[in-house]
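Each chain, written out:
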Amino acid sequence: LPPHSILPLPFFFFFLAAGFFLQRVSSLSSSSSPQMKYSYQPDKNYDMHITSLHRYAVKGLSGDSINSVTLQEGDGTFEDDRRFALLYAGDENNFDQKHPKWLHKDNFLCAFTAPELLSTLRTEYKVDSSDGRRLLTVWSRHDSNRQSSSTPLLIADLACQAGRDEASTFFSDLCGKKVVCVCASDITKSQNNHDDNGDSGETKLSGKHTHQFGNTSSGVKNNTGDTRTIHIVNHNTVKQFSNVIQHELKQKYNEGVDGCDNELDSIQLNPTRFRPNVVVDGLEPWLEFDLIGKTIEVVPNQDNNTEGDQSQRHPLRFRITSRTVRCAGIGVDPLQPELPAFDIPKLLTKHFPQHGPYLGVYAVVDQENGCSGGQICVGDTFRVLDD
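Residues numbered from 1 in each chain as written. Predicted model: local features only at pLDDT ≥ 70, side-chain atom pairs only at ≥ 80, totals over all residues. Heavy atoms only, no water.

Novice: Could you give an account of the environment of Leu348, with specific residues and numbers?
Specialist: Position of Leu348 among the secondary structure elements: in helix α7 (residues 344-351). A relative accessible area of 0% means that Leu348 is categorised as buried. Residues Leu348 and Phe241, spaced 107 residues apart in sequence, show a C-alpha to C-alpha distance of 7.6 Å. Residues in contact with Leu348, not counting those within four places in the same chain, are Phe241, Trp286, Arg326, Pro353, Gly356, Pro357, Tyr358 and Leu359. (Helix = DSSP H or I, 4+ residues; strand = E, 2+ residues; numbered from the N terminus. Buried < 20%, exposed > 50% of the residue type's maximum accessible area, 1.4 Å probe, protein only. Contact = heavy atoms within 4.5 Å.)

So this is what it looks like as C-alpha cells:
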C-alpha cells in the first residue's frame, strides 16, 4: 500500500481505543438501564387485596395507619396526606403558599435530608371534625408505650398559624437549623382582629386539601400539574426484594451490632419503609408495573358494609400513572430504626436491573370518568377495569 494510505501508529491506536470506549459505553448503558417492557396481560390475575392504609400529614414524619378513607368529589388524595412540610428557612422564597408548586425534597427537613434524626421520633396526626383542629403529637421513639401517661414532646394544632409556628420552633431546635411549617393557603382566613392574647384570630384550615408535598415530580407530570397522588406498594414485591438481598442485609446488620452472634434468621423489609398510602397483597411481585396507564376500581369487601349499605358506597377509581423511583430517604426502617441503614436504590438496581431503582406505583383519582368520590377500606380489593 502507498505510505499515505497507512494510518500512523498513534492514530491507529487512538481510533482503536475510541472504538472500544464507545462500545463499552453502549454496553454499560444498555445493561444499566431497565430493559423490561411492561404490558398488561389479560390472562393474568391482577386483583389486589388492600391490607393497610396510611396517611402522612407532615412530609417526612411517620405516618398513621387508618382503617378507611373517604374521598369527596374533587379530592385528589387521602385527607391531609403530605399537606404540611418543614421547609428550610433559606428556601422560603422557593415556596408561594398562594400558588404552590412542586419542590424537590432537599428543600425540606424530611426523611431524605435527615433520615436518622427523624427516625428518633414517632408522630400521630388526628383531625377533629367537631372543631376543625388538626393535632400533631410527637413522642420520642424511645418512649415505647405512647400511652396517655407518656409526655409528648410536642402537641400542635396545624390548622392554625400559632400551631404551625409551634411546630416550626420545635423542629428548628431539633435539627439546629431554622425550618418553617408550611402548607398551601387553602385556609379560611378571617379579615380579622387580634385579640387581647395576641391570637391572630385566623380560622382553621379548610377541609379542602389542594396541594400535596409529593416526593417526586412524577405525579405533577402525569396529572396535568396536580401534585396530589396515591402511592401503592405491593407487599409481595417487597417480600421478594427482601429475600433476594438477605445476604447484604444480614452482613450489614452483623457489622453494625456489637456482640452480634450471627444467628439472625432473616431481615424482612416492612412495606411501610416505602411510605405507601396503600399496601396490597395477592399480586405477583412486580406485576404492578404492568398496570401503568390502567384504571383500577375499589371493590368493597362485604364485611366492610352493614346490611343494606352496599349500594351506598360509590365505586372509587384510580388511574395508575408511573413507577416510583426510590431515594436514600427509605434507607432507615421507620419501625426498627435501630437497624443499620441500607442503600435501597443501589440494592434494587444491583439485584433487579431490569426494573432499576423503582418500587411501588403512583396513582391518581380518576376524575375524568365522572368519579364523584367514594370510600376505600382495609379488606377491599382493587380490580383492573377493561379499557
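Novice: Report on the pairing of strand β6 (residues 134-140), specifying residues and quantitative values.
Specialist: The buried fraction of β6 amounts to five of the seven residues, a majority that puts the element mostly inside the structure. Looking at chain direction, strand β5 (residues 121-127) and β6 are connected through seven bridges and run antiparallel. Considered in β6, the bridge of Leu121 is made with Ser140. Where β5 hands over to β6, the hairpin turn is made up of six residues, of which Gly132 adopts a positive phi near 80 degrees. Here four bridges tie β6 to strand β7 (residues 154-157), and the two strands are oriented antiparallel to one another. Bridging from a neighbouring strand, Thr137 pairs with Ile155 of β7. (Pairing = 2+ DSSP bridges.)

Novice: Residues and numbers for the packing of aromatic side chains, please.
Specialist: Taken as a whole and assessed by the stated rule, the structure comprises ten aromatic pairs. Ring centres of Phe108 and Phe213 lie 5.5 Å apart, and the angle between their planes is 70 degrees; this geometry places the pair in the edge-to-face category. Taken as a pair, Phe108 in the loop between β4 (85-88) and α2 (115-118) and Phe213 in the loop between β8 (179-182) and α4 (218-221) lie far apart in primary sequence, 105 residues in all. Every member of this aromatic cluster is reached through a ring pair, and the members are Tyr38, Phe241, Trp286, Phe289 and Phe352. One residue, Arg323, lies across the ring of Tyr358, its end atom 3.8 Å from the ring centre. (Phe/Tyr/Trp six-rings, centres within 6.5 Å; stacked < 30°, edge-to-face > 60°. Lys NZ or Arg CZ within 6 Å of the ring centre and 35° of its normal.)

Novice: So, the layout of surface pockets: which residues are in play, and what are the values?
Specialist: In this structure, the largest pocket occupies an estimated 480 Å³ of space. Every residue lining the largest pocket is counted, 26 residues in all, and those nearest its centre are Ser62, Gly63, Arg141, Pro334 and Leu335. Of all the elements in the fold, those that place two or more residues in the lining of the largest pocket are β2 (64-66), α2 and β5. Residue contributions to the lining of the largest pocket peak at three residues, all from β5. In this model, the second largest pocket occupies a volume close to 400 Å³. Elements with a minimum of two residues in the lining of the second largest pocket: β2, β3 (68-72) and β5. Considering only residue class, the lining of the second largest pocket consists of six nonpolar, nine polar and seven charged. (1 Å grid on protein atoms, 1.4 Å probe; cavity = no way out; pocket = protein on both sides within 12 Å on 5 of 7 lines; lining within 4 Å. Points joined across faces, edges and corners; volume = space filled by probe spheres on them. Nonpolar A, V, L, I, M, F, W, Y, C, P; charged D, E, K, R; others polar.)

Novice: Any chance you could break down the pairing of β3 for me, citing the residues and the numbers?
Specialist: Remark: a regular strand shows side chains that alternate across the two faces of the sheet. Of the two faces of β3, only one is covered, namely that formed by Val69 and Leu71; the face formed by Ser68, Thr70 and Gln72 stays uncovered. Examined bridge by bridge, β3 and strand β14 (residues 373-377) share five bridges and lie antiparallel to one another. Within the sheet, the bridge partner assigned to Thr70 lies in β14 and is Gln375.

Novice: Talk me through the sheet that holds β6; I want residue IDs and the actual numbers.
Specialist: An order of β5-β6-β7 is seen for the three strands of this open sheet, with the pairing classed as antiparallel. Unpaired on one side and paired on the other, β5 and β7 mark the two borders of the sheet. Adjacent strand axes in the sheet meet at a mean angle of 15 degrees when their direction is disregarded. Packing of helix α3 (residues 161-175) onto the sheet brings it into contact with β5, β6 and β7, and relative to β7 it is tilted by some 145 degrees. (Axes fitted to C-alpha atoms, helices over the stretch in contact; angles between N-to-C directions.)

Novice: If you had to explain the pattern of salt bridges to someone new, which residues and values would you point to?
Specialist: The full count for this structure, using the stated rule, is twelve salt bridges. Measuring nitrogen to oxygen at the nearest pair gives 2.8 Å for the salt bridge that ties Asp81 to Arg82. The structure contains a network of salt bridges with shared partners spanning Asp80, Arg83 and Arg134. (Salt bridge = Lys/Arg side-chain N within 4 Å of Asp/Glu carboxyl O.)

Novice: Summarise empty space enclosed by the protein; cite the residues concerned and give the values.
Specialist: All chains considered together, the criterion is met by four cavities of 30 Å³ or more. Lining the largest cavity are 17 residues, and of these Lys105, Asn215, Arg275, Cys327 and Ile330 lie nearest its centre. The class makeup of the residues in the lining of the largest cavity is seven nonpolar, five polar and five charged.

Novice: Can you lay out α7 for me, pointing to particular residues and giving the numbers?
Specialist: Since the α-helix packs 3.6 residues into each turn, any two residues three or four apart lie on the same face. Turning to α7, its buried residues number three or more, namely Ile344, Pro345, Leu347 and Leu348. Around the axis of α7, the buried residues are gathered within 165 degrees of arc, so they sit on the same side. Opposite the packed face of α7, turned more than 90 degrees from it, sit the exposed residues Lys346 and Lys350. For α7, the N-terminal cap is Asp343; the gap from its side-chain oxygen to the backbone nitrogen of Lys346 is 3.1 Å. (Arc of directions from axis to C-beta. Polar contact = N/O pair within 3.5 Å; in protein donor to acceptor, adjacent residues only side chain to side chain.)

Novice: Go over unusual backbone geometry, please, and point to the residues and values.
Specialist: Here the phi dihedral of Asp80 falls at roughly 65 degrees; this positive angle occurs in a residue that is not glycine. Using a relative accessible area of 0% as the deciding quantity, one classes Asp80 as buried. You will see that Arg275, though not glycine, has its phi angle at about 50 degrees, which is positive. Residue placement: Arg275 occurs in the loop between α6 (246-256) and β10 (278-281).

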